[in-house]
Amino acid sequence: MRSLTHLKRALVAALACAVPAFAAAEDDPALLEKAQQIHDAAITVDTHVDIPTFFASPRFDMAEINVSPAQVDLPRMEEGGLDAAFFIVYVGQDKRTPEGYAKAMSTATAKFAAIHRLVSGDQKDRVGLALTADDVRSLHADGKSAALIGIENGFIIGTQIDLLDVYYDLGARYFGLVHNGHNDIADSAQPRLNLGDKPAEHEGLSDFGEQVVRRCNRLGMMIDVSHASKQATLDAIRLSRAPVIASHSSARALYDHPRNMTGEEMLALADKGGVIQIVAFDTYLIPVSEEKKAAFGELRKKFPFRTLDEIFGASPETKRAYAREIRSIQTKFPRASVSDMVDHIDYAVELVGIDHVGISSDFQGGGGIEGWNDAGDTLNVTIELVRRGYSEDDIKKIWGGNLLRVMAEVDARKGRAGRITSFFR
Ligand SMILES: [Zn+2]
């Protein structure tokens, strides 16, 4: 039982009475009550939350509600009933030079340190590090939030495969092969012309990428194919001896964006026992008009942030102005809603089955939609799932059961492949 259940109940009462923008007028209190009950009973896992390097420090105090563009902190996780989040060690793709690799490793190390600061600092009675699916369950049973660690962009190992072992020992439990721009492991779904990328560099996974898949299997680290090209995705799924995840991707059939998965990829992922975590990312869920793209182009000129540290490290006035401008673009142009996201969930469930679909936000990395704009709004997703007729068991699977099953299975299969196998190749 979570300590803030009464707050959530108050929220439901407020939803029922005030009927804010997102809650449809036809929702009766019984539906909202049922959604609240399921939401309380489920373990809700969000597989993608980005962080700056100074996360969980006085500059980003997780005990407080932080101003926009922050979307996740402990008060909002607790109020919204978001039980577990993968905080992301993300490094943008850069030149593959000794300096580029060194800088990537340095940023990665700072982000690992930040997540460890969260779970070992003042708030350690409120949030703990989860290294296994069972850890998530026991933290939840104790009424604590669970912090997990995922890696986004295999660039942070450079060409040194043993760094995978180091990052695993630091707590990473999924490894995103690639981000925007090819790296030494795999081709990206979105090549970077400014880094000299051709449409394809390895025609999928590289030889080194194959070693990486085997090493992840041996370690018991989930392989994440979000951001990988279609061929790299299919290669990784075929080669892996354990289920694979897509930590934050939606369905290409509903919106043809290179970051979304084709039916072929989704079926291969499910066939291997994996899970696709549908993502609350506006521009992957619905088409974006040229006018909206132009407005965001102007915004980028006005606020030329290159990294999350630059965004979150800006002065409060700059951050407020930035958030205001984003809000005005979002008001002017249609933005994806929770309903749009659940359309992608419906499609995926229909195609690959209820056991292979989950949810992610990409908060603080561009994620956030009408109705689920920060961790405090998380109940709205459950309300929409109930509205669509999903059962309590279905919702528990989608909200975290499936991901935790995959995590446990990848862990159970560790040690069966990897260093020895590749040694004899
Ligand atoms: Zn991403």
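Please refer to the structure higher up on the page.
Every chain begins its residue count from 1, and numbering advances along the sequence as written. For this predicted model, a pLDDT threshold of at least 70 governs which residues receive local features, and a threshold of 80 or more governs which side-chain atom pairs are given and counted, while totals over whole chains, interfaces and linings are taken from all residues. Note that water and hydrogens are dropped before the side-chain values are worked out from all heavy atoms of the structure.

> Please set out the environment of Q277 residue by residue, giving values where relevant.
Secondary structure elements are defined from DSSP: runs of H or I of at least 4 residues count as helices, runs of E of at least 2 residues count as strands, and each element is numbered from the N terminus. Structurally, Q277 can be placed in strand 8 (residues 275–279). Three exposure classes are used, based on accessible area relative to the maximum for each residue type with a 1.4 Å probe and protein chains only: buried under 20%, partly exposed in between, and exposed over 50%. In this structure Q277 comes out as buried when scored by relative accessible area, which is 1%. Here the alpha-carbon distance between Q277 and S360, two residues 83 residues apart in the chain, equals 5.6 Å. Residue contacts follow a heavy-atom distance rule, with two residues in contact if any of their heavy atoms lie within 4.5 Å. If sequence neighbours within four positions are ignored, Q277 has contacts with V45, T47, A246, S247, H248, S249, V357, G358, I359, S360 and L403.

> Give me the lowdown on the pairing of strand 4 (residues 145–152), citing residues and values where you can.
Each regular strand displays side chains that alternate between the two surfaces of the sheet. With eight of its eight residues buried, strand 4 lies for the most part within the structure. With burial as the criterion, each face of strand 4 is covered, one bearing S145, A147, I149 and I151 and the other bearing A146, L148, G150 and E152. Pairing between strand 2 (residues 84–90) and strand 4: seven bridges, direction parallel. Looking at strand 4, one finds that F87 is bridged to I149. Summarising the sheet, strand 3 (residues 127–129) and strand 4 pair through three bridges and their orientation is parallel. For L129, the partnering residue across the bridge sits in strand 4 and is A147. Orient the strands so they point away from the viewer, and a crossover whose first-strand-to-second-strand path over the helix runs clockwise is right-handed. As a crossover connection, the stretch from strand 3 through helix 5 (residues 133–141) into strand 4 is right-handed. For strand 4 and strand 5 (residues 172–176), the ladder comprises four bridges, and the chain directions are parallel. Directly across from I149, in strand 5, lies its bridge partner A172. Assessed by its sense of winding, the connection that carries the chain from strand 4 through helix 6 (residues 162–169) to strand 5 is right-handed. Only strands joined by at least two bridges in the DSSP assignment are considered to pair.

> Describe the packing of aromatic side chains, and please don't skip the residues or the numbers.
Two rings from Phe, Tyr or Trp (for Trp, the six-membered ring) form a pair when their centres are within 6.5 Å of each other. A pair whose planes differ by under 30 degrees is stacked, one over 60 is edge-to-face, and the rest are tilted. Enumeration over the complete set of coordinates arrives at 12 aromatic pairs. Measuring from centroid to centroid gives 5.1 Å for F86 and Y174, while their planes differ by 40°, and the two rings are tilted. One end of the pair, F86, is in strand 2; the other, Y174, is in strand 5, with 88 residues separating them in the sequence. You'll find F86 and Y174 in the same group, each marked buried. An aromatic cluster of three or more residues is present, and its members are F55, F60, F87 and F312. Across from the ring centre of Y168, 3.7 Å away, lies the NZ or CZ of R173, which sits over that ring. Comment: the charge-over-ring label is applied if NZ (Lys) or CZ (Arg) is within 6 Å of the ring centre and within 35 degrees of the ring normal.

> Run through the nonpolar core, naming residues and quoting values.
The nonpolar core is taken to be a set of buried Ala, Val, Leu, Ile, Met, Phe, Trp, Tyr and Cys residues, with the residues joined through side-chain atoms within 4.5 Å. If you look at the biggest cluster of nonpolar residues, it comprises 108 residues, and the most contacted ones within it are F87, L177 and I345. The element contributing the most residues to this core is helix 4 (residues 98–120), with nine residues. Every residue in contact with L177, bar those within four places of it in the chain, is listed here: N153, G154, N183, I185, A186, L205, V212, I223, D224, V225 and A236. Within the second largest apolar cluster, 21 residues are counted, among which are V45, V136, L403 and V410.

> Give me the lowdown on the pattern of salt bridges, citing residues and values where you can.
Side chains that differ in charge, positive against negative, can pair when their charged atoms come close. Here a salt bridge means any side-chain nitrogen of Lys or Arg lying within 4 Å of a carboxyl oxygen belonging to Asp or Glu. This model, assessed by the stated rule, comprises 27 salt bridges. Here R388 ties to D346 by a salt bridge, and the two come within 2.7 Å at their closest N and O atoms. Separated by 42 residues along the polypeptide, R388 in the loop between helix 15 (379–387) and helix 16 (392–412) and D346 in helix 14 (residues 338–352) bring together distant segments of the chain. Ionic pairing is found between K414 and D411, a salt bridge with its closest N-O pair at 3.1 Å. The partly exposed category is assigned to K414, whose relative accessible area is 39%. Here the salt bridges do not stand alone but share partners, grouping D343, D346, E384, R387 and R388 into one network.

> Any details on the pairing of strand 5? Residues and values, ideally.
Among the five residues of strand 5, five are classified as buried, and the element is accordingly described as predominantly covered. Direction of pairing for strand 5 relative to strand 6 (residues 222–224): parallel, over a ladder of three bridges. Residue Y174 lies in a different strand from strand 6, and its bridge partner there is M222. Handedness of the crossover is the feature at issue here: the chain leaves strand 5, passes through helix 7 (residues 207–219), returns alongside strand 6, and the resulting connection is right-handed.

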